[in-house]
Amino acid sequence: MGSLEGGEKKALGWAARDPSGHLAPYSYTLRSTGADDVYIKVICCGICHTDIHQIKNDLGMSNYPMVPGHEVVGEVVEVGSDVTKFTVGDVVGVGVIVGCCGSCNPCSSDLEQYCNKRIWSYNDVYTDGKPTQGGFADTMIVNQKFVVKIPEGMAVEQAAPLLCAGVTVYSPLSHFGLMASGLRGGIVGLGGVGHMGVKIAKAMGHHVTVISSSEKKREEAMEHLKADHYVVSSDPTEMQKIADSLDYIIDTVPVFHPLEPYLGCLKLDGRLILMGVINTPLQFLTPVIILGRKVISGSFIGSIKETEEVLAFCKEKGLTSTIEVVKIDELNTAFERLHKNDVRYRFVVDVAGSTFVEEAATTTN
C-alpha cells in the first residue's frame, strides 16, 4: 500500500489551549504528507514530566492549541510510496523528534537529536508550516526516519516509556563507555527516568546506588527495583560513606538542587550526567571538580539508532517499565498526580481503548 501522499486527513486528540495546562478534546487537520511518510493509528502514549513543562508554558516557548505526548506506540495503517522500512500492520514507535536538517554534523553522525533544526513531535512547526501535534491523539503522520519498529512480543504499553525515559538513560551510558559490567553508578531521582535507570544499569551488571531526598522510596528501590544501596542525600553521614566511590551518577531531578553533594560521591574521573530540564542556574564550587578531574555532562534523549538499541536491549534482558495505564479522559487527573510525584513510575495512556468525544471538539486547520 503506497499512496499516502495527498488528501486531507483529520485527527482527534486532547489539547491544552492555554498555560493552565487543562486538556480537552480537539480536532485538527494533520500536516501535509509525502512519499517518505508513515500514517499511524495510535495505540498508546506515555506521559513524560516534560509534557507538564510544555502544557504549562514553564519554559516560555509553548504554542497553543497543543496536543502533547512523545512516547507514542501505534500501528502502521498507510505508507508513502518511498517508505522502505515499514509495512502496513507493523507496530511502531515515535519519540521526541520528528524532523531534522539532515546535513549538519550531528545529523551526519546519527545524532539527530542534537541538530539545531530538530523538529519536536509537538509544540513545533513542520517544514510545511503546519504545527506538530503529539501522541495523545488517534492518529499521527511521521517521516519514516523518525519511526522505530517495536520488537515482536514486546507489550505496547511497556514499549512506550522506552521511547523517551528508557533511551534517555541508555544513551549516555552507551556514549560515555559506561556499559561494562562491574561499574558503580548512582541514580538521583526515582521517577519515570530514574526507575528505568536503575533497571537498565542493573541489567548491565552495575552496582547501583539510589540517592534520594527522603526515606520514603527506600523499600521501593531496594525490594522492587533491586538497587544495591539507598542513600538519603540530606544525611551527611550516609553521603560521606559513598564519597569518592561512584563511576557515574545519572541526575534526573527536574528542579533546582545543589550539585556539590553528588560531585563528592564520584571517584577520580567520575562523571555527573544531568538530564533534568531546569530553568534556573545551578551552582558548584570548582575545586570539587578540579581535585578529582571530575566531569559534568548533559545528555538529551537518544538517537533513532540508540532507540532501536534500547528496545532490543530491553527485549533481550526482559526489562519492563513500572507503569500505570489510564484512559485519555483521565489525562488531567494523571497530570495532576504526576506533578505531585504520585505515580509508580510512568503513566501510559490507552489511546486505542479510549473514547474520543468528537462532537465536543473544536476544529482547526
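Rules behind the numbers
Counting starts from 1 at the beginning of each chain's written sequence and moves along it residue by residue. Given that this is a predicted model, residues contribute local features only at a pLDDT of at least 70 and side-chain atom pairs are listed and counted only at 80 or more, while totals for whole chains, interfaces and linings are drawn from all residues. Each side-chain value is derived from all of the structure's non-hydrogen atoms; neither hydrogens nor water enter the calculation. How far each domain reaches was decided by an automatic or database domain assignment. Whether two residues are in contact is decided by their heavy atoms, any of which lying within 4.5 Å being enough. Here the quantity called buried area is the accessible surface, traced with a 1.4 Å probe, that two parts lose on coming together, added over both. Salt bridges are defined by distance alone: a side-chain nitrogen of Lys or Arg within 4 Å of a carboxyl oxygen of Asp or Glu. Contacts described as polar in this section are N or O atom pairs within 3.5 Å, which, within protein, must combine one atom able to donate a hydrogen with one able to accept it, while residues neighboring in sequence count only if both atoms come from side chains. Secondary structure elements are defined from DSSP: runs of H or I of at least 4 residues count as helices, runs of E of at least 2 residues count as strands, and each element is numbered from the N terminus. The buried label goes to any residue with under 20% of its type's maximum accessible area, the exposed label to any with over 50%, and the partly exposed label to all in between, with areas taken from a 1.4 Å probe on protein chains only. UniProt positions are given in the numbering used here, feature names are shortened, and annotations may be inferred rather than shown by experiment.

Q: Can you break down the domain arrangement of the protein chain residue by residue, with the values?
A: Splitting the protein chain by domain gives domain 1 (10-164 + 322-350) and domain 2 (167-298). Taken over C-alpha atoms, the centre of domain 1 sits 28 Å from the centre of domain 2. With twelve residues of domain 1 at the interface, the matching set in domain 2 holds 17 residues. By the criterion of area lost to domain 2, the three top residues of domain 1 are Cys164, Thr322 and Tyr345, representing 41% of everything that side buries. One salt bridge in this structure joins Glu220 and Arg344, with 2.7 Å as the shortest N-O distance. If you look at where domain 1 meets domain 2, you find seven residue pairs in polar contact (both at pLDDT 80 or more).

Q: For the pattern of salt bridges, give the residues involved together with the corresponding values.
A: Using the criterion set out here, one finds 15 salt bridges in the structure. As a salt-bridge pair, Lys267 and Asp247 come within 3.4 Å of each other at their nearest N and O atoms. A residue pair is termed long-range when its members are at least 10 positions apart, and Lys267 in strand 16 (residues 266-274) and Asp247 in strand 15 (residues 246-251) qualify at 20 residues. Taking relative accessible area as the criterion, Lys267 reaches 29% and is therefore assigned partly exposed. Residue Glu324 pairs with Arg337 through a salt bridge whose shortest N-O separation is 2.8 Å. Of this pair, Glu324 sits in strand 18 (residues 323-327) while Arg337 sits in helix 11 (residues 331-339), placing them 13 residues apart in sequence. We classify Arg337 as partly exposed; its relative accessible area is 24%.

Q: Can you break down the UniProt feature "domain: Enoyl reductase (ER)" (unreviewed entry) in the protein chain residue by residue, with the values?
A: The sites that carry the UniProt feature "domain: Enoyl reductase (ER)" (unreviewed entry) are, in the present numbering, residues 21-349. Within the segment residues 21-349, helix and strand shares are 25% and 27% respectively, and the terminal C-alpha atoms sit 17 Å apart.

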